[in-house]
Amino acid sequence: MDELIRATAQEGMIRILAADTKTLVEEARKIHDTAPTGSALLGRMLTGGLLMGSVLKNAKDRLTLQIKGDGPAQGCLVTSGRNLAVKGYLGNPSVDLPKKENGKLDVSGAVGKEGRLTVIMDMGLKEPYVSSVPIFTGEIAEDIAYYYTVSEQTPSAVILGVLVDVNHTIKASGGILLQMMPGHDPMLADLLTYRVEEMRPLTSLLAEGKSMEEILEDLLFGMDLKIQERKTPRYECDCSRGRVEAALISLGQRELQNLYEEGKEEELTCHFCGKHYRFSHEDIGIILSESAAKTTKL
Ligand SMILES: [Zn+2]
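As the structure is a computational prediction, the values presented were derived from the model and not from experiment. (Residues numbered from 1 in each chain as written. Predicted model: local features only at pLDDT ≥ 70, side-chain atom pairs only at ≥ 80, totals over all residues. Heavy atoms only, no water.)

Here's the deal with the overall build of the protein
What counts, and what does not: Working definition: helices are DSSP H or I runs of at least four residues, strands are E runs of at least two. Numbering for both runs from the N terminus. Between the two quantities, the radius of gyration covers C-alpha atoms and the globule rule is 2.2 Å times the number of residues to the power 0.38. Residue contacts are defined here by distance: any two heavy atoms, one from each residue, within 4.5 Å place the two residues in contact. To measure how exposed things are, a 1.4 Å probe is used in the Shrake-Rupley method; for residues, cover is taken only from the protein chains shown. In this tally Asp and Glu are treated as negative and Lys and Arg as positive; neither His nor the chain ends contributes. The atoms used to mark charge sites are NZ of Lys, CZ of Arg, CG of Asp and CD of Glu.
Helix and strand counts for the protein stand at 10 helices and 13 strands. Computed over the C-alpha atoms, the radius of gyration of the protein is 21 Å, within 12% of the 19 Å expected from 2.2 N^0.38 for a compact globule of 298 residues. A principal-axis box enclosing the C-alpha atoms of the protein has dimensions of 70 × 45 × 35 Å. Within the protein, counting contacts between residues at least 6 apart in sequence, those at least 24 apart form 62% of the total. Looking at the protein as shown, the accessible area adds up to about 15200 Å², and 51% of this sits on carbon and sulfur atoms. Taken together, the 34 basic and 43 acidic charged side chains of the protein have centroids lying 3 Å from each other.

Here's the deal with the coordination of the zinc ion
Definition in use: Think of the donor list as every N, O and S atom within 2.8 Å of the metal, or within 3.2 Å for Na, K and Ca; water never makes the list, so a site can look incomplete. A site with four donors is called tetrahedral when every donor-metal-donor angle falls between 85 and 135 degrees; four donors are called square planar, and six octahedral, when opposite donors sit more than 155 degrees apart and all other angles fall between 65 and 115; any other arrangement is irregular.
The zinc ion binds to the protein through Cys237 (SG), Cys239 (SG), Cys270 (SG) and Cys273 (SG); the donor distances cover 2.2 to 2.3 Å. Taken together, the 4 donor atoms surrounding the zinc ion define angles of 105 to 116° at the centre, an arrangement classified as tetrahedral. Donor residues for the zinc ion, ordered by position in the chain, follow C-x1-C-x30-C-x2-C. Of this pair, cysteine 239 sits in the loop between β11 (234–235) and α8 (241–249) while cysteine 270 sits in the loop between β12 (266–269) and β13 (276–279); the two residues are 31 residues apart in sequence, bridging distant segments of the chain.

Overview of a nonpolar patch on the surface
Just so we agree on the cut-off: Patch definition: residues above 30% relative accessible area lacking any salt bridge, with like charges linked at up to 9 Å and the nonpolar side chains Val, Leu, Ile, Met, Phe, Trp and Tyr linked at up to 5 Å. A carboxyl oxygen of Asp or Glu within 4 Å of a side-chain nitrogen of Lys or Arg is what we treat as a salt bridge. For each residue, the accessible area found with a 1.4 Å probe, counting protein chains only, is set against the maximum for its type, and the residue is called buried under 20%, exposed over 50%, and partly exposed in between.
A grouping of Met123, Leu125 and Tyr129 is seen on the molecular surface, where their side chains present a nonpolar patch of about 290 Å² in accessible area. With respect to the secondary-structure elements, tyrosine 129 resides in strand β7 (residues 129–134). By relative accessible area, tyrosine 129 is classed as partly exposed at 34%.

Topic: the nonpolar core
Here is the rule we go by: Throughout this description, the term nonpolar core refers to a set of buried Ala, Val, Leu, Ile, Met, Phe, Trp, Tyr and Cys residues connected via side-chain atoms within 4.5 Å. An automatic or database domain assignment provides the domain bounds reported here.
Membership of the largest hydrophobic core comes to 60 residues, with the highest contact counts inside it found for Leu41, Leu65 and Ile140. Of the residues forming this core, the biggest block, 8 residues, is contributed by helix α2 (residues 36–53). Each of two domains, domain 1 (3–235) and domain 2 (241–297), supplies a minimum of three residues to this core. Once residues lying within four places of it in the same chain are set aside, the contact partners of leucine 41 are Ala73, Cys76, Leu90, Val107, Val111 and Ile140. With 25 residues, the next largest nonpolar core counts Ile14, Leu205, Leu219 and Leu220 among its residues.

Re the pattern of salt bridges
In total, this model carries 18 salt bridges according to the counting rule given. Its salt-bridge partner being arginine 243, residue aspartate 238 comes within 3.5 Å of it at the nearest N-O pair. Note on aspartate 238: relative accessible area 34%, which makes it partly exposed. Its salt-bridge partner being lysine 264, residue glutamate 262 comes within 3.9 Å of it at the nearest N-O pair. Relative accessible area serves as the criterion here: at 48%, glutamate 262 is assigned to the partly exposed category. Overall, lysine 264 belongs to the partly exposed group, its relative accessible area being 49%. Residues participating in the shared-partner salt-bridge network are Glu3, Glu213 and Arg230.

Okay, structure coming up:
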C-alpha cells in the first residue's frame, strides 16, 4: 500500500519526507496510458510533487510542480496538497525513448535540456507564489534539489525512482526528500550526501519488498530517526462540472459569445483524469447569460 512518512533525524536537524507511490503511479499510468519513459517521468513528478505539497500549511493550499523542456515529453505538470491527493499529466503520454547505457529510462531525454522547473504555491492569497529555476539535469530529483537550494536556500537531497515492469505496469515507485535545517553541522550534510550517493537504487529496494521505514532506517543509521507521521497518499482528481464551467467563464464574454454563435456542442476533457464534460448549445447560452449577469453586477 502507498505510504507517506514524515520524519526527523539528528535532533530535528534533518527533515525527512518519504513516500512509496507504486499504487498511485500505476493509477496515473492507466489513466494516461503512458509508455515506459512517460510513466517514469510522470511517476517521478507525481512523487516529487506529493512530497513537496505534503508540507503545505493549510488544507486548501495547493502546490503545482511543472517541468517544461524542449524534449519530446512536451512538459509535465502535477498538483498536490496537504491532503496527499495528487494528480498530473504529461504533454505527450506516449513518449518513449531507448534506455540509457546504465539501463535506466531516459527521463532527462524526454524532458529536454532547455527549459524550466516551476513551483507554484497557491495559498489562497490574491496572487500565488511562483518560483522557477532552469532545468538542472532533467532527471527531476536533481531539479527539485536544485530548486530548494537556489530558491529556498535549503540544502536538500532528493531521490526519486520509478521501476517499470516488462508488461509496462509499475513495479515500484517512490521518493525521499532530505532537508538540512538551519544551524546544522556541515559534516552531517557531507555524511548524508555520501550515504545517498552510496545507496542502492530506491526502486530496487522497494521491489525487493523493503518497507520505506526500513529503507530510511538504513539510510539514516545512527542518526536517531524519529517517524512522526504515516499517511496514505492517492491519485485523485477533484474536477467537476462546476469547475469546468468556471473555466469556460474565464474565457471571457467575447469568447463565450463566439462559442455560442458557432452553435456547436462543446466537449471538454479533464487533463488530469480524462473525464469528459459535454456542453450543449443551450448550456453555453445559459453560462453566457449567467456570466453576463455577473459582469453587470460588478
Ligand atoms: Zn478530472
